[in-house]
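Architecture at a glance
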Amino acid sequence: MKDMSLSRENISERLAAVGYVADRDIATALWLMDYLKRPLLLEGEAGVGKTEVAKALAAVHSAELIRLQCYEGLDQNAALYEWNYQRQLLAIKTREGLGEDADAIEEHIFSERYLLERPLLAAIRRDKPPVLLIDEVDRADEEFEAFLLELLSDFQVSIPELGTVKATAIPRVVLTSNGTRELSDALRRRCLYHYVDFPEVDREAKIVLTRVPGIDTALALQIARMVASVRKEDLRKAPGVAETLDWAATLAGLGIHDLRQEPEALHETMMCLIKTREDRSRLTSEVTERLLGKVA
Amino acid sequence: MAVAAHSRSGDNVGEPMRLKLTAFAHTLRGNGFKVGLAETADALSILVMSAADKPATLEPALRALFCATRSDWERFDEIFEAFWLARGIRQARVLAGAAPEGAAPVRALKDVGPRGGKPGLPDHVERRQDDGGYSVDGRGKREGASRAENLASIDLRYIVNPEEIRDAHALAERLALCPRQFTRRFQQEFGSSPASFVRRMRLDEARQRLSSTDCSVEEVARSVGFSDGDNFRRAFERCFHVAPREYRGRFAAKA
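For the structure given in this document, a descriptive report is provided here. (Residues numbered from 1 in each chain as written. Chains lettered and ligands numbered in written order. Predicted model: local features only at pLDDT ≥ 70, side-chain atom pairs only at ≥ 80, totals over all residues. Heavy atoms only, no water.)

**Things to note about the packing of aromatic side chains**
Residue and element names in this part refer to chain A. For the coordinates displayed, the defined rule picks out 13 aromatic pairs over all chains. Summarising the aromatic geometry, the rings of W31 and Y35 are spaced 6.1 Å apart at their centres and angled 5 degrees between planes, so their arrangement reads as stacked. Here Y35 and W31 lie together in helix 2 (residues 24-36), a separation of 4 residues that amounts to about one turn. Judged by relative accessible area, which is 27%, Y35 ranks as partly exposed. Between F144 and F147, the aromatic rings sit 5.7 Å apart at their centres with planes inclined by 50 degrees, giving tilted as the arrangement. In this pair, F144 and F147 both sit in helix 8 (residues 142-154), 3 residues apart, roughly one turn of the helix. For F144, a relative accessible area of 4% translates into the label buried. (Phe/Tyr/Trp six-rings, centres within 6.5 Å; stacked < 30°, edge-to-face > 60°. Helix = DSSP H or I, 4+ residues; strand = E, 2+ residues; numbered from the N terminus. Buried < 20%, exposed > 50% of the residue type's maximum accessible area, 1.4 Å probe, protein only.)

In structure tokens:
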């Protein structure tokens, strides 16, 4: 247990060791999460790397990452547990054939063998605490949020046919939200909070260097500056860090070492960053040139 | 009783830091942050555990703890700086064991002064600063949209200084509550009226002094704020069912 806990001093290095470039704020938040045993709520635009935080956290602790993707209409069945109806039906048939009585059959089919673990139940039944990522919690309904809140404070679940399941290990919980709906105060207060913004140019360059093997430092910096200025353009969807990495990989693959080298290729490959037709028409080659003039 | 228990508990966080942190929590509350007892307690425990008392390490920790929305996040730095780096400059220096960067904060100190509501006595460091923190808080509350919310989030255990409870009106005003609201809320929190709570606090303190000092009953009475010995004796006896002198006779020898 001792070597698993993060200290404020070593956390950045440990995150770096698993390929995550952390700034001071997120490193502190992750350390606090461990120290206070509280869930961490990450908010921020799509593509800023919220989910990556959970992945990095799991990697740091060499823990399993259990992910619950939220969506409208997500209910407890899909999130917590379900009975395996087909198997239950089969079992009933077989046992009836063997002449067992109804009570015995019922007891049998509501045993753990027929229970399908969904992410939330799985997260509290592991021997080693996993990292539970509750992704885009703002998409789930309010009722589900209330249920989640209960689970996050008690870490136990009651299954009517089986009894109460208590957590064997308390998972580290990371929630993410894109802000499509206001989360309840209760949930917010339960969690530590971190607003994830697009990384600074230096940090994004570092991310590129870590994730795209063999890329030049100078090119990584140019890419990061270019992406930063593209984000400042009035686009429908600002490119995320994943898009930056795609673009960097493409440029590296084409053997480009300097953005000024081939303006044509540059403009074409920049479409990696653009995800809507509208934005595409806005980012003309003139715009690309203007931006390039500023950053390179 | 909660106040007494808190201020006497011998944990590692110095009293000024505790007060400062709670004052900061209140400043945030005044700015519409939803900061409650749990967060404040957590912040204190972070201080104990990590000695995160330098602004550079304290800030990200408190930010993660005290912010709950994006707008909190965006305003936090400014509030933190105004409170922690500028106005609390002396304290920061003492705690960090190093001079803070630049001379700018001194000017900021002056700037904040008039808003603080209780200008003057700048040299009386600790008490003053805490008062300032509370006052800023009070000001923010008055500006705040919802009084009901302020009321709900007030944690009396942390902000009440027993000396001040005597004056429920003044305290209520500082919290931007009307005296009736304040009294009701106080009653809910502490199970007694402000006045009897204070009396009990003072008697507790007197009891302590009777058993641990050689001061006369008269002196003890005065030292805890009773105007004369007879009043004190009556109150003491009513509360503990024993006369002060007798109490001392029973317990002082053991001390």
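Having seen it, we continue.
**Some remarks on the side chain of R181 of chain A**
All names here are of chain A. Relative to the assigned elements, R181 resides in the loop between strand 8 (172-177) and helix 9 (185-190). R181 gets classed as buried once you look at its relative accessible area, which sits at 18%. Of the polar contacts made by the side chain of R181, one reaches the backbone oxygen of D138; its length is 3.3 Å. Here E145 takes part through its side chain, which lies 2.8 Å from a polar atom of the side chain of R181. Dropping the residues within four chain positions of it, R181 is found in contact with V137, D138, A140, D141, E142 and E145. (Polar contact = N/O pair within 3.5 Å; in protein donor to acceptor, adjacent residues only side chain to side chain. Contact = heavy atoms within 4.5 Å.)

**Some points on the packing of helix 11 (residues 217-232) of chain A against helix 15 (residues 285-295) of chain A**
Residues and elements named next belong to chain A. Their axes nearest at 9 Å, the elements helix 11 and helix 15 cross at an angle of 130 degrees. Taken together, the axis directions place helix 11 and helix 15 in an arrangement best described as oblique. Considering the relative orientation of helix 11 and helix 15, their crossing is right-handed. In this structure, helix 11 uses R225, M226, S229 and V230 to contact helix 15, whose residues at the interface are T288, L291, L292 and V295. For the contact of helix 11 with helix 15, the residue count by class is 5 nonpolar, 2 polar and 1 charged. (Axes fitted to C-alpha atoms, helices over the stretch in contact; angles between N-to-C directions. Parallel < 35°, antiparallel > 145°, perpendicular 65-115°, else oblique. Left-handed = near helix turned anticlockwise from the far one by under 90°. Nonpolar A, V, L, I, M, F, W, Y, C, P; charged D, E, K, R; others polar.)

**What to know about the interface of chain A and chain B**
Taken together, the contacts link 18 residues of chain A with 25 residues of chain B. Counting the surface lost from both chain A and chain B, the interface buries some 2000 Å², and carbon and sulfur atoms represent 55% of this. Of all residues in chain A, R189, Y193 and Y195 of chain A bury the most surface against chain B, accounting for 31% of the area lost on that side. In this structure, D185 of chain A and K34 of chain B form a salt bridge, with 3.0 Å as the shortest nitrogen-oxygen distance. Where chain A meets chain B, there are 8 residue pairs in polar contact (both at pLDDT 80 or more). Residue assignment for the side of chain A that touches chain B shows that the elements contributing at least two residues are helix 2, helix 9 and strand 9 (192-195) of chain A. Per-element tally for the side of chain A that touches chain B: the top contributor is helix 2 of chain A, with 8 residues. For the side of chain A that touches chain B, the class distribution of residues is 8 nonpolar, 2 polar and 8 charged. (Buried area = accessible area lost by both parts, 1.4 Å probe. Salt bridge = Lys/Arg side-chain N within 4 Å of Asp/Glu carboxyl O.)

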